[in-house]
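Residue strings, one per chain:
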Amino acid sequence: MSAPVDRGAFEPRVLGLLCTHCAYACADNAGATRASVPAGLRTVRLMCTGRVEPSLVLEAFVAGADGVLIMGCHPGGCHYKEQNYRAVQRQRILLRLLDQCGVEPARCRFDHVSAAESARYLELVDDFVAALRRLGPLRLERRTRAHRPH
């Protein structure tokens, strides 16, 4: 039996995948006001959330992320036409895939913000990190393939 996790001291490692025109601009604006963000948040600037491949999210979890937050433009406001609708469709597939891999779907969240919604961005980040703290650290089982004779 493993030792209980001290969730109060747990600081989740979060990968933020942010579209350049809205979510990243939002994060940049929040930073300009010296707003406090969780220490474990690392952001990656993407041209569009429509480009997020499920394998990228899975790779983040394997590399040690406790959660992945994908944020893009509001529906109908994407700078690349309808790509954020494509991202929503991929998110549905991704959540099923995560569940099959033993990762709680709550560890991957998708949301929308505009460049002018810095306060909302900070609220969403804080809410996500709080949810991850309740879940505790991600413990992926190392799965090995059984050796098969040729």
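Presented here is an overview of the structure given in this document. Since we're looking at a predicted model, the values are computed, not measured.

Quick notes on the rules
Residues numbered from 1 in each chain as written. Predicted model: local features only at pLDDT ≥ 70, side-chain atom pairs only at ≥ 80, totals over all residues. Heavy atoms only, no water. Helix = DSSP H or I, 4+ residues; strand = E, 2+ residues; numbered from the N terminus. Contact = heavy atoms within 4.5 Å. Core = buried A, V, L, I, M, F, W, Y, C linked by side-chain atoms within 4.5 Å. Buried < 20%, exposed > 50% of the residue type's maximum accessible area, 1.4 Å probe, protein only. 1 Å grid on protein atoms, 1.4 Å probe; cavity = no way out; pocket = protein on both sides within 12 Å on 5 of 7 lines; lining within 4 Å. Points joined across faces, edges and corners; volume = space filled by probe spheres on them. Nonpolar A, V, L, I, M, F, W, Y, C, P; charged D, E, K, R; others polar. Disulfide = S-S within 2.5 Å. Pairing = 2+ DSSP bridges. Axes fitted to C-alpha atoms, helices over the stretch in contact; angles between N-to-C directions.

Here we look at the overall build of the protein
Piece 1. Looking only at helices and strands, the protein features 4 helices and 4 strands.
Piece 2. Reading the helices (α) and strands (β) of the protein from amino to carboxyl end gives β-α-β-α-β-α-β-α.
Piece 3. Long-range pairs, those at least 24 residues apart, make up 80% of the contacts in the protein between residues at least 6 apart in sequence.

A word on the environment of Tyr-24
Piece 1. Following the sequence through the fold, Tyr-24 ends up in helix 1 (residues 23-32).
Piece 2. Along the backbone, Tyr-24 and Val-44 are 20 residues apart, and their C-alpha atoms lie at a distance of 8.3 Å.
Piece 3. In contact with Tyr-24, not counting residues within four places along its chain, are Leu-18, Cys-19, Thr-43 and Arg-45.

What about the nonpolar core?
Piece 1. Core analysis: the biggest nonpolar cluster contains 20 residues, and Val-14, Met-71 and Tyr-121 have the highest contact counts within it.
Piece 2. When residues of this core are traced back to their parent elements, those giving at least two are strand 1 (14-19), helix 1, strand 3 (67-72) and helix 4 (118-135).
Piece 3. The biggest single contributor to this core is helix 4, with 7 residues.
Piece 4. Excluding its chain neighbours within four sequence positions, the residues that come into contact with Tyr-121 are Leu-18, Ala-23, Cys-26, Ala-27, Ala-30, Leu-41, Thr-43, Met-71 and Val-113.

Section: empty space enclosed by the protein
Piece 1. A complete count under the given rule lists 1 cavity of 30 Å³ or more for this structure.
Piece 2. In this structure, the largest cavity occupies an estimated 60 Å³ of space.
Piece 3. What lines the largest cavity is simply Thr-49, Val-52, Glu-53, Pro-54, Ile-70, Ala-87, Arg-90, Gln-91, Leu-94 and Phe-110.
Piece 4. Take the lining of the largest cavity: its biggest share by element is 4 residues, from helix 3 (residues 83-100).
Piece 5. Looking at the lining of the largest cavity residue by residue, the class counts come to 6 nonpolar, 2 polar and 2 charged.

Observations regarding the state of the cysteines
Piece 1. Using the criterion set out here, one finds 0 disulfides in the structure.
Piece 2. With no disulfide partner, Cys-22 has as its closest neighbouring cysteine sulfur the one in Cys-73, 3.1 Å distant.

Some thoughts on the layout of surface pockets
Piece 1. Size it by volume and the second largest pocket reaches roughly 160 Å³.
Piece 2. Along its surface, the second largest pocket is lined by Tyr-24, Ala-27, Asp-28, Ala-30, Gly-31, Ala-35, Val-37, Leu-41, Thr-43 and Tyr-121.
Piece 3. Counting residues per element, the ones that place at least two in the lining of the second largest pocket are helix 1 and strand 2 (41-46).
Piece 4. Among the residues making up the lining of the second largest pocket, the classes are represented as 7 nonpolar, 2 polar and 1 charged.

A look at the sheet that holds strand 3
Piece 1. Read across the open sheet, the 4 strands follow the order 2-1-3-4; overall the sheet is parallel. Every interior strand has two partners, whereas the edge strands, strand 2 and strand 4 (108-112), have only one. Going across the sheet, the axis of each strand differs from the next one's by a mean of 20 degrees, ignoring polarity.
Piece 2. Bridge analysis of strand 1 against strand 2 gives 6 bridges, and the strand direction is parallel.

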